[in-house]
Amino acid sequence: MAGRFRPPTPTTRTTVRGGHTPVPTPTEAPRDRDRDRDRDRPLGRKLDLPLDLGLTLGPLRRGPADPTFRVTPDGSVWRASRTPDGPGTIRVAARDGAAEAEAWGPGATWLLDNAPALLGAEDDPTAFVPRHKLVLATHRRRPGLRLTRTGLVLESLIPTILEQKVTTTEAYAAWRHLVRKYGEPAPGPAAPEGMYVMPDARAWTLIPSWEWHRANVDGKRAATIVRAARVAARLEEAARMDPPAARRRLELIPGIGPWTSAETVQRSNGAPDEVTTGDLHLPGIVGWALAGDRTTDDGAMLDLLAPYEGQRHRAARLILLSGRVPPRRAPRMTPGDIRAF
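Not measured: the values here are computed from a predicted model. (Residues numbered from 1 in each chain as written. Predicted model: local features only at pLDDT ≥ 70, side-chain atom pairs only at ≥ 80, totals over all residues. Heavy atoms only, no water.)

Student: Just checking my understanding: could you explain the layout of surface pockets for this structure?
Tutor: Rolled over the atoms, a probe sized like a water molecule indicates the empty space that remains. A volume near 380 Å³ is recorded for the second largest pocket. The wall of the second largest pocket is formed by 22 residues, among which P84, W110, G151, L152 and E236 lie closest to the centre. Within the residue set of the lining of the second largest pocket, elements represented by two or more residues are β3 (77–83), α6 (154–162) and α11 (232–236). With three residues, the single largest contributor to the lining of the second largest pocket is α11. Of the residues belonging to the lining of the second largest pocket, the class tally is 11 nonpolar, four polar and seven charged. (1 Å grid on protein atoms, 1.4 Å probe; cavity = no way out; pocket = protein on both sides within 12 Å on 5 of 7 lines; lining within 4 Å. Points joined across faces, edges and corners; volume = space filled by probe spheres on them. Helix = DSSP H or I, 4+ residues; strand = E, 2+ residues; numbered from the N terminus. Nonpolar A, V, L, I, M, F, W, Y, C, P; charged D, E, K, R; others polar.)

Student: Mind showing me how you'd approach the pairing of β3 here?
Tutor: When a strand is regular, its side chains alternate between the sheet's two faces. Of all seven residues in β3, seven are buried; the element is thus mostly enclosed. On β3, burial covers both faces: V77, R79, S81 and T83 on one face and W78, A80 and R82 on the other are all buried. Taken together, the three bridges between strand β2 (residues 69–71) and β3 define a ladder with antiparallel strand orientation. Its bridge partner being in β3, F69 is matched across the sheet by R79. Joining the antiparallel neighbours β2 and β3 is a turn of five residues, in which G75 adopts a positive phi near 90°. As paired elements, β3 and strand β4 (residues 86–95) share seven bridges and run antiparallel to each other. The partner of R82 across the bridge, within β4, is P87. In textbook terms, the turn of a hairpin is the stretch between consecutive antiparallel strands, and for β3 and β4 this stretch comprises two residues. (Buried < 20%, exposed > 50% of the residue type's maximum accessible area, 1.4 Å probe, protein only. Pairing = 2+ DSSP bridges.)

Student: Before we go on, may I ask you to explain the pairing of β4 in this structure?
Tutor: Most of β4 is tucked away, with 10 of its 10 residues classed as buried. Alignment of β4 against strand β5 (residues 98–104), held across seven bridges, turns out to be antiparallel. Looking at β5, one finds that V92 is bridged to A101. Between β4 and β5, which follow one another and run antiparallel, lie two residues, and D96 among them has a positive phi close to 55°.

Student: I tried to follow empty space enclosed by the protein on my own but got confused; where do I start?
Tutor: Per the counting criterion, the structure on display carries four cavities of 30 Å³ or more. Put simply, the largest cavity is a space of about 200 Å³. Lining the largest cavity are 17 residues, and of these R17, E263, Q266, H313 and R317 sit closest to its centre. Going through the elements one at a time, α13 (258–268) and α16 (312–322) are the ones with two or more residues in the lining of the largest cavity. For the lining of the largest cavity, the element with the highest residue contribution is α16, accounting for four residues. Residues that form the lining of the largest cavity fall into these classes: six nonpolar, six polar and five charged. Here the second largest cavity defines a volume of roughly 130 Å³.

Geometric descriptors of this kind do not, in isolation, establish any biological role.
So, in structure tokens, the structure goes:
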């Protein structure tokens, strides 16, 4: 057996982008006897495949200090969302093959009704057939990967717009600043301290220009977010469309292109085949992993992923989770800062 054992892939920028978020081994969650029982509605669901909360919900986390996302020492994942019924907080945990959820706030019922989709119950991992040794090995090491479907467009679209053409460090900092300043504390007495629900659509449109500047968000990205927020109701309808139609609707908004629409519907619609094109790093990572070619462009990347048609997004995520990347030839992009201008 010597030489056949491969240690777990370490957490890196690439694996984090693939959705790797460490979640502690589950323990019994602390309970608050004083919380409102009308808003505390446990939901349990048995899943056919192992569930890894960190892999399934990891893509929803926008940086380690995301105010809408928390991982607690008891192995629970907390999310604060703006639902059609209002703000809500949900806690999910997976123990012994069973997923359980509790929620608080006006949006609690909506969150619990949609908890199975959030945890990947609508995903079909059995449809995926690995075609490369690297993908097969990663697939075997990540049996709990399921594709989440939040059913909420704006909460994935806005942070994705913030990530356009900047470093993730800049985008995450802008998201934290804006959510904490214009959002509201997450409902529920048990919610971890410092959690916030993102602003509603109207609040996004009312953010003054100087506050976008303080958040280090340039005018182009700010204007795109405002345009999207003004037609939020129409964009939220895309969560019930098939992914290609959803992307077409999103791309009607000036400033939203293929990169942004793909990154959004992967989360809101649980789209297993929507590949992110127009990305600075992904083609080179896929090309290096599957063909040893770091100069791969979008067209060549799609050719390499063609054997996975119908499951190309899942294949790309597994490649990212493998941690295999081409050797670095240049320093990382330096974060920009427009606040001094």
